[in-house]
Amino acid sequence: MRKWRDMPKIVDHDARRRHIADAVHRVIHDKGMESVSLREVAAEAGMSMGAVQYYVTTKEQMLLLALERIGIWIGERVAAVAARGLAPLDLLRATVLELLPLDEERSYLNRIGLAFQASSVVSENQATAMRLGLPLLLALLTDQIRAAQSAGHLAAHLDAAKEASILYAFAQGIVNSTLVGHYTSEEVAALLDYHLARLGAR
């Protein structure tokens, strides 16, 4: 009879992929996109190159894995906001703020996100991956705007889908300026509140 210590080790492959993706994120954050390589990521992950290559064999595959993980991470954070049971307009505000670099973790996410935005301009695979996630976020913002309209918090005549795109553009446009210190967290929140107040029901 085989003893328990002789049984084959069960490997959590999803956990391994997350571990590799997180190592890619750290390399991008600390050293830049150009520093991503199998050797660099393996060292950051504390794995052999062979172990990393079991899951990804090229730099592009590593980047796509890391980009997918970013999307899941953001989705989890946004879902956590939705679970707080906020009033419709408060939920919309909190969702947009969740996308912005207003604390250490969100700044970390946004620095990596900016690097991917730049590289996706010359990588169709990355651009395709980013295009897949955006409609989901815009649909969520659109639904939240409609809920706020139904509650009488936002003007009924607004085109919810267009306003969702404007809010997304606001969030994307202010990220870099916030990361470099042009805006404080308080100023960003005040600008969002000013914009939402202009959309309020009259």
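In case you missed it, the structure is sitting above this.
Residues numbered from 1 in each chain as written. Predicted model: local features only at pLDDT ≥ 70, side-chain atom pairs only at ≥ 80, totals over all residues. Heavy atoms only, no water.

Packed helices, taken two at a time, are described by the angle between their axes plus the distance between the axes. Running from N to C, helix 5 (residues 88-98) and helix 9 (residues 185-198) point in directions that differ by 140°, and their axes come no closer than 11 Å. The angle between helix 5 and helix 9 falls in the class oblique. Two packed elements cross with a definite hand, and for helix 5 against helix 9 that hand is right-handed. Here Leu89, Leu92, Arg93, Val96 and Leu97 of helix 5 come into contact with helix 9, specifically with Ala189, Leu192, Asp193 and Leu196. By residue class, the composition of the contact of helix 5 with helix 9 is 7 nonpolar, no polar and 2 charged. (Axes fitted to C-alpha atoms, helices over the stretch in contact; angles between N-to-C directions. Helix = DSSP H or I, 4+ residues; strand = E, 2+ residues; numbered from the N terminus. Parallel < 35°, antiparallel > 145°, perpendicular 65-115°, else oblique. Left-handed = near helix turned anticlockwise from the far one by under 90°. Contact = heavy atoms within 4.5 Å. Nonpolar A, V, L, I, M, F, W, Y, C, P; charged D, E, K, R; others polar.)

Mapping Gly133 onto the fold places it in helix 7 (residues 124-150). Residue classification places Gly133 among the partly exposed positions, given a relative accessible area of 36%. Between the alpha carbons of Gly133 and Ala160 there is a distance of 19 Å; along the sequence they are 27 residues apart. (Buried < 20%, exposed > 50% of the residue type's maximum accessible area, 1.4 Å probe, protein only.)

Per the counting criterion, the structure on display carries 9 salt bridges. For Glu98, the salt bridge goes to Arg77, with nearest N and O atoms at 2.5 Å. Here Arg77 lies in helix 4 (residues 59-82) and Glu98 lies in helix 5, a separation of 21 residues in the sequence. For the pair formed by Glu98 and Arg77, the shared burial category is buried. Where Arg77 meets Glu105, a salt bridge forms, and the shortest distance between an N and an O atom there is 2.9 Å. One end of the pair, Arg77, is in helix 4; the other, Glu105, is in helix 6 (residues 104-120), and 28 residues separate them in sequence. Salt bridges linked by common partners bring Arg77, Glu98 and Glu105 together as one network. (Salt bridge = Lys/Arg side-chain N within 4 Å of Asp/Glu carboxyl O.)

In this structure, the largest pocket encloses a volume near 880 Å³. For the largest pocket, the lining is made up of 31 residues, of which Ile70, Gly71, Ile74, Leu137 and Tyr168 are closest to its centre. Secondary-structure elements contributing two or more residues to the lining of the largest pocket are helix 4, helix 6, helix 7 and helix 8 (160-179). Take the lining of the largest pocket: its biggest share by element is 9 residues, from helix 4. Here the lining of the largest pocket is composed, by residue class, of 19 nonpolar, 7 polar and 5 charged. (1 Å grid on protein atoms, 1.4 Å probe; cavity = no way out; pocket = protein on both sides within 12 Å on 5 of 7 lines; lining within 4 Å. Points joined across faces, edges and corners; volume = space filled by probe spheres on them.)

For Thr142, the position within the fold is in helix 7. Residue class for Thr142 comes out buried when judged on its relative accessible area of 8%. From its side chain, Thr142 meets the backbone oxygen of Leu138 in a polar contact 2.7 Å long. Excluding residues that lie within four positions of it along the chain, Thr142 makes contacts with Ala160, Ala161 and Ala164. (Polar contact = N/O pair within 3.5 Å; in protein donor to acceptor, adjacent residues only side chain to side chain.)

All buried positions along helix 5 are accounted for by Leu91, Leu92, Ala94, Thr95, Val96, Leu97 and Glu98. Of the surrounding elements, those touching the buried residues of helix 5 are helix 4, helix 6, helix 7, helix 8 and helix 9.

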